[in-house]
Amino acid sequence: MGRQDPTHLVVGHLTRPHGTRGEFLCGILTDHPESVFAPGVVLSLGGPKDDAPDPDMPPLRIDSVRSSPKGMLVTFGGLTDRTQAEQLQGRYLFLPIDELEPLEEGEVFYHQLLGMTVETADGEEVGEVQEVFETGPVDLLEVRGSNGVLMIPFRPEIVVEIDVETDRLVIDPPDGLLEL
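Every value quoted in this text rests on a predicted model; they were computed, and no experiment measured them. (Residues numbered from 1 in each chain as written. Predicted model: local features only at pLDDT ≥ 70, side-chain atom pairs only at ≥ 80, totals over all residues. Heavy atoms only, no water.)

Observations regarding the overall build of the chain
Line of reasoning, step 1. Helices and strands together make up the secondary structure of the chain, namely three helices and twelve strands.
Line of reasoning, step 2. In the chain, buried positions account for 37% of the 180 residues.
Line of reasoning, step 3. Partitioning the intrachain contacts of the chain with sequence separation of at least 6 by distance along the chain shows that 53% fall at a separation of at least 24.
Line of reasoning, step 4. Of the roughly 10500 Å² of accessible surface on the chain, 48% is carried by carbon and sulfur atoms. (Helix = DSSP H or I, 4+ residues; strand = E, 2+ residues; numbered from the N terminus. Buried < 20%, exposed > 50% of the residue type's maximum accessible area, 1.4 Å probe, protein only. Contact = heavy atoms within 4.5 Å. Areas by Shrake-Rupley, 256 points an atom, 1.4 Å probe, with all protein chains shown as cover.)

Here it is, written out as structure tokens:
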């Protein structure tokens, strides 16, 4: 494969300090928050560009976790006051990819889709996946091809096959989707 898989994936976001004792409101960016946001788990802080852990920042060990309507309220070992916490606001939290829950059959990490060749079930090449937009309720694949850029809904009835080994993604587009 041409691209290098990351060693860490983003699992959360330090949204803002909560209270005065170093507790943080964390946005959840993982499908398995119960195993990621648990006491004893060690998370790395994102760097300035937030695309990888910052080697100059010490990792954070989770001390306690409680649910909140907007995410998780987390305390980290050694982080005991609001001033310390404010310096970390806005950073992303990373976990080594080998510590994440294993993928279920047929699941993929979104980073694996980038650069995949997209073709129709008839074998017609549509283009290459440039980006994945998590727009909820339906995520979108940005596909660049000879006819320009297409936004393809990442839904099981449209994306019918993903082959990580051959870097291929097969779609069954509804009438008109490829003409947009």
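A word on the pattern of salt bridges
Line of reasoning, step 1. The full count for this structure, using the stated rule, is seven salt bridges.
Line of reasoning, step 2. Put simply, E86 and R82 hold a salt bridge, and the shortest N to O gap is 3.3 Å. Of this pair, E86 and R82 both sit in helix α2 (residues 82-86), four residues apart, roughly one helical turn.
Line of reasoning, step 3. We classify R82 as partly exposed; its relative accessible area is 33%.
Line of reasoning, step 4. A salt bridge links E157 to R155; its shortest N-O distance comes to 2.6 Å.
Line of reasoning, step 5. Judged by its relative accessible area of 43%, E157 falls in the partly exposed class. (Salt bridge = Lys/Arg side-chain N within 4 Å of Asp/Glu carboxyl O.)

Let's talk about the sheet that holds strand β10 (residues 148-153)
Line of reasoning, step 1. Spatially, six strands are ordered β10-β9-β8-β7-β12-β11 in an open sheet, and the strand pairing comes out mixed. The open sheet terminates on both sides in strands that have one partner only, identified here as β10 and β11 (159-163). The mean inter-strand angle of the sheet, taken between neighbouring strand axes irrespective of direction, is 35 degrees.
Line of reasoning, step 2. Relative to β10, strand β9 (residues 140-145) is paired through six bridges, and the arrangement is antiparallel. Bridge pairing in β10 links G145 to G148. (Pairing = 2+ DSSP bridges. Axes fitted to C-alpha atoms, helices over the stretch in contact; angles between N-to-C directions.)

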